[in-house]
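# Observations on the three-dimensional arrangement
The lines below spell out each chain.
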Amino acid sequence: MIDLVGYGAFFLTTALIFSLVTLGLNLQWGLTGLFNVGLAGFVAIGAYTSALLTTPDDPTRLGGLGLPILVGWLGAMFVGGVAAALTGIATLRLRSDYLAITTFGVAVVVQLVALNAQKLTGGPFGIGFIPRPFGGLAETPLLFNLSNLAIVSAVTLAAYMALEHLTRSPWGRVLKALREDERAAISLGKSARFYRVQAFAIGGAIMALAGALQAHFIGFIAPDNYLSILTFQVWVMLIVGGSGSNAGAIAGSVLVWAIWAGSGALTSVLFAPEQQARAASLQIVAIGVMLCVILLVRPNGIFGERPRRARFGKRTKATASESGS
């Protein structure tokens, strides 16, 4: 029973870290309409920034400043936000698929830098000995996982409440106006580029914070942690939960991660060890099937608004009036 509770805490901690990334994407896409498929790059920026600031001195690479964990998290948000702002200034003139291609290129560049800049990032060997919150409790997995769950829950709740406030504020209404009708918003004197860069920067900072939390929770990072599969997972989480809904971003993250982890555990039981590498692709199949089912039942996601349909009586009256006229 104790092991089950400990695993549940570990599962929820991981799911809530994904929720932070999804909240950042929801601000960019669900609220503002910015098609970012390079989010893995911003998560990696946050993870490496916090690791370089907080790890002990290492003669084989730069960084290793040994600063407190909180400083690492704040530094990750700052660097991630600045990187997202610079990316936004350079790319937000583009639209839809062109913006997606550009942001994907940014993520590839970040991943290649992490892989090859060995003096800075440790190269393919990654960075280890990242300090973990409540590291003294590591010998007691239950207490360690529950303590980290409490921290990640508090950070996720703070981000959720802040984004809810921003969404309902005049700033958030401008972003919605730009998403729905850019020309009308510009005609009212609003700068589309200025607001979009702000939304992109805040979303990037939240993603970087999630990367920092994950780095300190695991204690080790490597370039392979930030491949395109991460972008696929987060986009599915947002679509399943409901684009434009912060609550949906969190619910979708927990649900999709439950299916991802559950399908992985199931394949390890059903298939022999030599076949598990191929069977791992069934996780993507399971996510795809779930996505199709949910979109058939709820086209706008679990927390998305249902499209309004006219009732049969009203539709009949409208048809009769049109035929009479």
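Higher on the page you've got the structure.
Notes on the structure follow. (Residues numbered from 1 in each chain as written. Predicted model: local features only at pLDDT ≥ 70, side-chain atom pairs only at ≥ 80, totals over all residues. Heavy atoms only, no water.)

### Let's talk about the nonpolar core
In plain terms, the rule: Residue types Ala, Val, Leu, Ile, Met, Phe, Trp, Tyr and Cys, when buried and joined through side-chain atoms within 4.5 Å, form a set referred to as a nonpolar core. Note on exposure labels: buried denotes an accessible area under 20% of the residue type's maximum, exposed denotes more than 50%, and partly exposed covers the range between, all computed with a 1.4 Å probe on protein chains only. We count a stretch as a helix when DSSP gives it H or I for four or more residues in a row; a strand needs E for two or more, and each element gets its number in order from the N terminus. By the convention used here, residues are in contact when the closest approach between their heavy atoms is within 4.5 Å.
Residues Leu39, Ile221, Tyr226 and Leu230 are the most contacted members of the largest nonpolar core, which totals 79 residues. In terms of residue count, the dominant contributor to this core is helix α9 (residues 192–218) (14 residues). The contacts of isoleucine 221, once residues within four sequence positions are left out, are Ala47, Tyr48, Ala51, Gly126, Ile127, Ile130, Ala215 and Tyr226.

### Considering helix α1 (residues 2–31)
Quick note on the threshold: Here, expected helix span is obtained from the residue count minus one, scaled by 1.5 Å.
Between its first and last C-alpha, α1 extends 41 Å over 30 residues, near the 44 Å set by a 1.5 Å rise per residue. With 21 of 30 residues buried, α1 lies mostly within the body of the structure. Positive phi appears at glycine 33, one or two residues downstream of α1, with a value of about 80°.

### Here we look at the packing of helix α2 (residues 39–54) against α9
To be explicit about the condition: Axis geometry follows a simple rule: fit a line to the C-alpha atoms, using only the stretch in contact for helices, then measure angles between N-to-C directions, giving values from 0 to 180 degrees. Each angle gets one of four labels, with under 35 degrees taken as roughly parallel, over 145 as roughly antiparallel, 65 to 115 as roughly perpendicular, and the rest as oblique. Throughout, a crossing is termed right-handed when the near helix is turned clockwise from the far one, and left-handed when it is turned anticlockwise from it by less than a right angle. Three categories are distinguished: nonpolar for Ala, Val, Leu, Ile, Met, Phe, Trp, Tyr, Cys and Pro, charged for Asp, Glu, Lys and Arg, and polar for the others, with Gly belonging to the last.
It is the contact of α2 with α9, at a shortest axis distance of 7 Å, that shows an interaxial angle of 55°. Taken together, the axes of α2 and α9 lie oblique to each other. In this structure, α2 meets α9 at a crossing whose hand is right-handed. Only Phe200, Gly204, Met207, Ala208, Gly211, Ala212, Ala215 and His216 of α9 make contact with α2, whose side of the interface consists of Leu39, Phe42, Val43, Gly46, Ala47, Ser50 and Thr54. Its residues assigned to classes, the contact of α2 with α9 shows nine nonpolar, six polar and no charged.

### Considerations on the pattern of salt bridges
If the charged atoms of two oppositely charged side chains come close together, the side chains can form a pair. The condition is simple: What makes a salt bridge here is a side-chain nitrogen of Lys or Arg within 4 Å of a carboxyl oxygen of Asp or Glu, nothing more.
Overall, the coordinates contain four salt bridges when judged by the stated rule. Between glutamate 164 and arginine 168 there is a salt bridge; the shortest N-O distance is 2.8 Å. Note that glutamate 164 and arginine 168 are positioned in helix α6 (residues 141–168) at a spacing of four residues, about one turn of the helix. Take glutamate 164: its relative accessible area is 16%, and that puts it in the buried class. For arginine 168, a relative accessible area of 59% puts it in the exposed group. Here arginine 179 and glutamate 180 are joined by a salt bridge, their closest N and O atoms 2.8 Å apart. Of the residues examined, arginine 179 reaches a relative accessible area of 34% and is grouped as partly exposed.

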